[in-house]
Amino acid sequence: MEFQEVIKKAREVSLLYDQLNSEQGHAKWGLQQYVQGLMEDLGTLARLSLMKAGVRASADNLDEKLKHEVCDCLWATIRIADALKIDLEAEFPKQMETLAK
């Protein structure tokens, strides 16, 4: 899947969540909710990575849970970039070039 397709899929899933939230009487997510969601996902990812390293007792389906959390973090990052009007497809390569230097 190309990067632009990943971004498109993240946006499509967000629309589905907007629908679900509306049906359940909840507000549509914005920047703050995506940032808070990312922070929660990062905490879960940190805990799971400790399990993977053998520092904490492991969980069932650990590798699947790790995949899930990494993807949740990417999804939230895409939605945060959208909320801030950051073109990830344009900016990400620039940032990687800066890091490479």
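Rules used in this analysis
Residues numbered from 1 in each chain as written. Predicted model: local features only at pLDDT ≥ 70, side-chain atom pairs only at ≥ 80, totals over all residues. Heavy atoms only, no water. Patch = residues over 30% accessible without salt bridge, like charges linked within 9 Å, V, L, I, M, F, W, Y side chains within 5 Å. Areas by Shrake-Rupley, 256 points an atom, 1.4 Å probe, with all protein chains shown as cover. Salt bridge = Lys/Arg side-chain N within 4 Å of Asp/Glu carboxyl O. Lys, Arg positive; Asp, Glu negative; His and termini not counted. Charge placed at Lys NZ, Arg CZ, Asp CG, Glu CD. Helix = DSSP H or I, 4+ residues; strand = E, 2+ residues; numbered from the N terminus. Buried < 20%, exposed > 50% of the residue type's maximum accessible area, 1.4 Å probe, protein only. Phe/Tyr/Trp six-rings, centres within 6.5 Å; stacked < 30°, edge-to-face > 60°.

## Brief notes about a negative patch on the surface
And step 1. On the surface, E2, E5, D87 and E89 cluster together into a negatively charged patch.
And step 2. Here D87 shows up in the loop between α3 (62-83) and α4 (88-100).

## Quick word on the pattern of salt bridges
And step 1. Overall, the coordinates contain seven salt bridges when judged by the stated rule.
And step 2. Measuring nitrogen to oxygen at the nearest pair gives 3.9 Å for the salt bridge that ties E12 to K8. A residue pair is termed a helical-turn pair when its members lie 3 or 4 positions apart in one helix, as E12 and K8 do in helix α1 (residues 3-23) at four residues.
And step 3. With relative accessibility at 52%, the residue K8 sits in the exposed group.
And step 4. Two residues, E91 and K94, come together in a salt bridge whose shortest N-O distance is 3.2 Å. One end of the pair is E91 and the other is K94, both in helix α4 and three residues apart, which spans about a single turn.
And step 5. E91 sits in the partly exposed class, given a relative accessible area of 30%.
And step 6. Here the salt bridges share partners, and the residues they tie into one network are K8, K9 and E12.

## Quick notes on the packing of aromatic side chains
And step 1. For the structure shown, the criterion picks out four aromatic pairs.
And step 2. The interplanar angle of 40 degrees and the centroid separation of 5.5 Å between the aromatic rings of Y17 and W75 together place this pair among those described as tilted. With Y17 in helix α1 and W75 in helix α3, this residue pair connects regions lying 58 residues apart in the sequence.
And step 3. Since its relative accessible area comes to 19%, W75 is described here as buried.
And step 4. Every member of this aromatic cluster is reached through a ring pair, and the members are Y17, W29, Y34 and W75.

## Details of a nonpolar patch on the surface
And step 1. Taken together, the side chains of L31, V35, M39, L42, L84 and I86 present a nonpolar region at the surface, about 480 Å² in accessible area.
And step 2. Here V35 lies in helix α2 (residues 31-52).

Note that every value here comes from positions in space, so none of it alone points to a role or purpose.
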